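Structural overview
The primary structure of each chain is shown beneath.
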Amino acid sequence: MPAGGFAAAPSGDVEFEAKITPIVIISCIMAATGGLMFGYDVGVSGGVTSMPDFLKKFFPTVYNKTKDPTLNSNYCKYDNQGLQLFTSSLYLAGLIATFFASYTTRKLGRRPTMLIAGIFFIVGVVFNAAAQDLAMLIIGRILLGCGVGFANQAVPLFLSEIAPTRIRGGLNILFQLNVTIGILFANLVNYGTAKIKGGWGWRLSLGLAGVPALLLTLGSLIVSETPNSLIERGRLEEGISVLRKIRGTNNIEPEFQELVEASRAAKEVKHPFRNLMKRRNRPQLVIAVALQIFQQCTGINAIMFYAPVLFDTVGFGNDASLYSAVITGAVNVISTVVSIYSVDKVGRRMLLLEAGIQMFVSQVIIAVILGIKVTDHSVNLHRGFAILVVIMVCTFVSAFAWSWGPLGWLIPSETFPLETRSAGQSVTVCINLLFTFVIAQSFLSMLCHFKYGIFLFFSSWVFIMSFFVFFLVPETKNIPIEEMTERVWKQHWFWKRFMDDNEDVGIEINDQKSQKNGCAIGFNLSTSFEF
């Protein structure tokens, strides 16, 4: 093996030789700017909705509540369905767009899908920055949501497919790192624009989303398509050329043949969404869906969407609340870097389990402090307790950022086989956006009714999902994507019962080829897709 390279054993004694080439690093950084756009959209909405000028123009009822606390309790002054719709409409649009993104990702490729996402982002930014009424504002958010649906479908797949096996986890988490950088960038922008006189600071906050939107668009024009996608669409010469370029070696025949064989099996699948329901694909589907539900039920997006509103609610004041949001955003970025370093060394399971304990403890402490010190119409949150709340929020955010945040995307993107990967990623994004929408649309109302108990609600979910990980989520670090079935699912104490090599064998696919390659590349698929 050449110096600077590494190999992963896919099947038998065959090794996939690969170097960590500059083109891989550059391509992954450019592609991950989709996360930058997503993160900015997440972060900017919470800061903007706490700006008096923005509320006065679009949500005068909420504005009046914030100016006269006697109209409502501390926990309820931001409770407004229209205000929540401003935040959540992006995710509802993304939920719908992801179904179209699944088609373009499969038929056109990962790169064109990222380009479409960039165009949606740019147009959405223009609508938001120039909004004159609530309708125009919501239309802009919907267009941004379409961009999110396309970007979240294509970028994680792109990163998983172009990265060498040994650093696949770290490079894939670049998407999540850019999400956290986007959130921090948005919080810094909000902190600055909130001080602008004249009532137009919120327009600058929304308009600066054009920076990551342009980066994603340009990035999608520069990067190479993945070999997996090219081979899947029959462009074998281009596929082998790109594979040779991104691996930095001429010895790519074993990996190329594996991709060709996986593509051949994938083409037999006429209805990938139906195929997802097959017994052999159930472990990947169940885990992907569960991870997305649990990721949102940690309460992270409630904190990230509404951090300034939340801190203002518990008595920090407008400037202090935005400042505290900046702190949590910085912690988010730093902790995601920790994940990039550790995910391929410590492993996925260890990070998820450790973070579960950390998130549970921090949320319980926050609930106790708010329960004692914050009532409906008074806030006795002295400086020491206020600092402790921020520390506990940062403790929670850091745990999420090195575990459930990036791994919620990484694990599904690396466990689905090629023939169901696009459909599986579509379902993953769909479930994530569905529950993101639910949390975004309901959090302020939940805060009003549950009060401090909202943190106990989320901590109970953290407790449940930690048990799920302990018993049902297998370790996938350093396992080639094409070998997940043989080396992961067939070895797991529970999921191995679903790995039946004889399911639907022999109807239309050559059984001998499937026997030769094992389930790692073909899963012994058939074209009979009866449920």
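Calculation rules
- Residues numbered from 1 in each chain as written.
- Predicted model: local features only at pLDDT ≥ 70, side-chain atom pairs only at ≥ 80, totals over all residues.
- Heavy atoms only, no water.
- Helix = DSSP H or I, 4+ residues; strand = E, 2+ residues; numbered from the N terminus.
- Buried < 20%, exposed > 50% of the residue type's maximum accessible area, 1.4 Å probe, protein only.
- Contact = heavy atoms within 4.5 Å.
- Areas by Shrake-Rupley, 256 points an atom, 1.4 Å probe, with all protein chains shown as cover.
- Phe/Tyr/Trp six-rings, centres within 6.5 Å; stacked < 30°, edge-to-face > 60°.
- Lys NZ or Arg CZ within 6 Å of the ring centre and 35° of its normal.
- Core = buried A, V, L, I, M, F, W, Y, C linked by side-chain atoms within 4.5 Å.
- Axes fitted to C-alpha atoms, helices over the stretch in contact; angles between N-to-C directions.
- Parallel < 35°, antiparallel > 145°, perpendicular 65-115°, else oblique.
- Nonpolar A, V, L, I, M, F, W, Y, C, P; charged D, E, K, R; others polar.
- Expected span 1.5 Å × (residues − 1).
- Salt bridge = Lys/Arg side-chain N within 4 Å of Asp/Glu carboxyl O.
- Polar contact = N/O pair within 3.5 Å; in protein donor to acceptor, adjacent residues only side chain to side chain.
- pLDDT = per-residue confidence, 0-100.
- Patch = residues over 30% accessible without salt bridge, like charges linked within 9 Å, V, L, I, M, F, W, Y side chains within 5 Å.
- Lys, Arg positive; Asp, Glu negative; His and termini not counted.
- Charge placed at Lys NZ, Arg CZ, Asp CG, Glu CD.

Turning our attention to the overall build of the chain. Each helix and strand counted, the chain has 24 helices and 2 strands in total. Expressed as a percentage of the 531 residues in the chain, the buried residues total 63%. Summarising the internal contacts of the chain: among those between residues at least 6 apart in sequence, 79% fall at separations of at least 24. With the model as given, the accessible surface of the chain reaches about 19,100 Å², and the carbon-plus-sulfur share is 65%.

Turning our eyes to something else, we now look at the packing of aromatic side chains. For the structure shown, the criterion picks out 21 aromatic pairs. Grouped by ring-pair contacts, the aromatic residues Phe54, Phe58, Phe59, Phe86 and Trp202 constitute a single cluster. It is Lys57 that lies over the ring of Phe58; its NZ or CZ is 5.7 Å from the centre. Above the face of the Phe86 ring, Arg141 is positioned so that its terminal group lies 4.9 Å from the ring centre.

Take unusual backbone geometry next. The phi angle at Lys451 is positive, at roughly 55 degrees, despite the residue not being glycine. Counting through the fold element by element, Lys451 comes out in the loop between α21 (418-450) and α22 (453-472). Despite not being glycine, Asn478 has its phi angle at roughly 60 degrees, a positive value. Tracing the chain through its elements places Asn478 in the loop between α22 and α23 (484-487). Given the relative accessible area of 32%, Asn478 is considered partly exposed.

Turning our eyes to something else, we now look at the environment of Val429. Here Val429 lies in helix α21. A relative accessible area of 0% places Val429 in the buried class. In sequence terms Val429 and Ala288 are 141 residues apart; their C-alpha atoms lie 9.5 Å from each other. Apart from residues lying up to four places away in sequence, Val429 is in contact with Thr98, Gly149, Asn152, Gln153 and Trp409.

Moving on: the nonpolar core. Across soluble globular proteins, nonpolar side chains show a tendency to be buried alongside one another. In terms of nonpolar packing, the biggest core is built from 132 residues, with Phe54, Leu55, Phe59, Phe121, Met359, Trp404 and Leu407 touching the most fellow members. Of the residues forming this core, the biggest block, 12 residues, is contributed by helix α7 (residues 134-162). Among residues more than four places away in sequence, those in contact with Phe121 are Met37, Asp41, Leu144, Gly147, Val148, Ala151, Ala213 and Leu216. Ranked by size, the runner-up nonpolar core spans 7 residues in total, among them Leu276, Leu285, Val427 and Ile431.

This paragraph deals with the packing of helix α1 (residues 22-31) against α7. As a packed pair, α1 and α7 sit with axes 10 Å apart at the nearest point and diverge in direction by 170 degrees. Relative to α7, the element α1 is oriented roughly antiparallel. Seen from α1, the contacting residues are Val24, Ser27, Cys28 and Ala31; seen from α7, they are Val155, Phe158, Leu159 and Ile162. Across the contact of α1 with α7, the residue classes tally to 7 nonpolar, 1 polar and no charged.

Attention shifts here to helix α19 (residues 383-401). Residue pairs three or four apart in sequence face the same way in an α-helix, which turns once every 3.6 residues. Given a rise of 1.5 Å per residue, 19 residues ought to cover 27 Å, and the 27 Å separating the end C-alpha atoms of α19 matches this to within 8%. What α19 keeps buried is the set Ala386, Val389, Val390, Met392, Val393, Cys394, Phe396, Val397, Ser398, Ala399, Phe400 and Ala401.

End to end, helix α2 (residues 33-48) covers 22 Å across 16 residues, agreeing with the expected 22 Å (1.5 Å per residue, within 8%). A large share of α2 lies buried, amounting to 16 of its 16 residues.

On to the pattern of salt bridges. According to the stated counting rule, one finds 7 salt bridges in the structure shown. Of the charged contacts in the structure, one is a salt bridge between Glu232 and Arg110, with a shortest N-O distance of 3.5 Å. Of this pair, Glu232 sits in helix α11 (residues 227-232) while Arg110 sits in helix α6 (residues 110-129), and the two are 122 residues apart along the sequence. Assigned by exposure class, Glu232 and Arg110 land together as buried. The partner of Glu238 in a salt bridge is Arg235, and the shortest N-O contact between them spans 2.8 Å. According to the relative accessible area criterion, Arg235 is partly exposed, its value standing at 34%. A cluster of three or more residues bridged by salt bridges with shared partners is formed by Arg110, Glu161 and Glu232.

The geometry of α21 relative to α22 is characterised by a closest axis approach of 8 Å and an angle of 125 degrees between their N-to-C directions. Comparing the axis directions of α21 and α22 gives the class oblique. Contacts between α21 and α22 involve Ile439, Phe443, Met446, Leu447 and Phe450 from the first element and Gly453, Ile454, Phe457 and Phe458 from the second. Looking at the contact of α21 with α22 residue by residue, the class counts come to 8 nonpolar, 1 polar and no charged.

What follows covers the side chain of Ser220. Mapped onto the elements of the fold, Ser220 is located in helix α10 (residues 210-222). Overall, the relative accessible area of 3% leaves Ser220 in the buried class. In this structure, Ser220 is in contact with Arg111, Met114 and Leu115, ignoring residues within four places of it in sequence.

A separate point is the side chain of Ser342. Examined against the element boundaries, Ser342 turns out to sit in helix α17 (residues 318-342). Side-chain polar atoms of Ser342 contact the backbone oxygen of Val338, separated by 2.8 Å. Leave out the neighbours within four places in its chain, and Ser342 touches Gly347 and Leu351.

This prediction gives the chain a mean pLDDT of 80; 84% of its residues lie at or above 70. The low-confidence segment residues 1-15, where pLDDT is below 50, has 38 contacts with residues more than four positions distant or belonging to other chains. Low pLDDT (under 50) marks residues 504-531, which in the prediction has 62 contacts with non-local residues, meaning those over four places away or in another chain.

What follows deals with a positive patch on the surface. Among the surface-exposed residues, Arg279, Arg282, Lys496 and Arg497 lie close enough to one another that they form a single positively charged patch. Note that Lys496 resides in the loop between α23 and α24 (511-517). Under the relative-accessibility criterion, Lys496 is labelled partly exposed at 46%.

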